[in-house]
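So the chains spell out like this:
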Amino acid sequence: MKLIVVVDKNWGIGKKNDLLFSLPADMKHFREKTMGKVVVMGSNTLLSFPGGKPLKNRTNIVLWPGGEEREDCKIVQTLQELFFECEKYNEDDVYVVGGAMMYRTLLPYCTEALITKAEADGGAEVFFENLDKSPDWELVEQSESLETNGITISFCLYKNKNVKRPEVF
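Residues numbered from 1 in each chain as written. Predicted model: local features only at pLDDT ≥ 70, side-chain atom pairs only at ≥ 80, totals over all residues. Heavy atoms only, no water.

Asker: How should the overall build of the protein chain be read in this particular structure?
Answerer: Helix and strand counts for the protein chain stand at four helices and 11 strands. A compact globule built from 169 residues should have a C-alpha radius of gyration of about 15 Å, and the protein chain, at 15 Å, falls within 12% of that. Along the longest, intermediate and shortest principal axes, the C-alpha atoms of the protein chain span 40 × 35 × 30 Å. Here the protein chain holds 169 residues, and the buried ones make up 47% of them. Residue pairs at least 24 apart in sequence account for 63% of intrachain contacts in the protein chain once pairs closer than 6 positions are excluded. Carbon and sulfur atoms make up 48% of the accessible area of the protein chain, which amounts to about 9,200 Å² in all. For the protein chain, the separation between the mean place of its 21 positive charges and that of its 26 negative charges on side chains is 2 Å. (Helix = DSSP H or I, 4+ residues; strand = E, 2+ residues; numbered from the N terminus. Rg over C-alpha atoms; globule rule 2.2 N^0.38 Å. Buried < 20%, exposed > 50% of the residue type's maximum accessible area, 1.4 Å probe, protein only. Contact = heavy atoms within 4.5 Å. Areas by Shrake-Rupley, 256 points an atom, 1.4 Å probe, with all protein chains shown as cover. Lys, Arg positive; Asp, Glu negative; His and termini not counted. Charge placed at Lys NZ, Arg CZ, Asp CG, Glu CD.)

Asker: Just checking my understanding: could you explain unusual backbone geometry for this structure?
Answerer: Glycine aside, residues mostly have negative phi, and peptide bonds are mostly found in the trans state. A cis amide bond links Gly-98 to the next residue, Gly-99, at an omega of -5°. Note on placement: Gly-99 falls in the loop between β6 (94–98) and α4 (100–106). With phi around 55°, Lys-16 is a residue other than glycine that occupies positive phi space. Topologically, Lys-16 is positioned in the loop between β2 (12–14) and α1 (24–34). According to the relative accessible area criterion, Lys-16 is exposed, its value standing at 67%. For Asn-149, which is not glycine, the phi dihedral falls at a positive 55°. By the element assignment, Asn-149 lies in the loop between β10 (146–148) and β11 (151–160).

Asker: Help me out: how do you make sense of the side chain of Asp-26 in this one?
Answerer: Locating Asp-26 in the fold gives a position in helix α1. Summary of buried charges: Asp-26 has no salt-bridge partner, and the nearest side chain of opposite charge, Arg-31, is 9.0 Å away. A polar contact of 2.6 Å, which involves the side chain of Asp-26, links it to the side chain of Thr-116. When residues no more than four places from it in sequence are discounted, the contact partners of Asp-26 are Val-6, Thr-116, Ile-153 and Phe-155. (Salt bridge = Lys/Arg side-chain N within 4 Å of Asp/Glu carboxyl O. Polar contact = N/O pair within 3.5 Å; in protein donor to acceptor, adjacent residues only side chain to side chain.)

Structure, rendered in structure tokens:
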């Protein structure tokens, strides 16, 4: 399982259940990485998408305790059920895409984190763990900086040196 997220210079990720910035280059990066893959999210992330519809051309798995079955995505009720569902796919094709609670919960189980760093302060209310300060994570790649919509960003790849394996019964 992998994780993909945009963070501001304070490792902020969101405000009012929305993204901090509109970053066309990052959206392209996100599409390229996740198209045809499996995206894992919480119910708030699904509901934040236009019309509350899942991402197109991807398998959408949503952890939503009490959520009703839907035809357009797979709703799971528990973390155990989420892990069981993810086991059906190649772990390199599974991406955690939000929100904050999903990132916090699933980060230890991810082998890689694709972090887009924005060199700006987005006034975040919700934050991601600073992987630069985590002994379990190592920055292994960082792209050249580029500007998108007036904000300088870089694409970073972190590897988890201490991956936790889920117990699937």
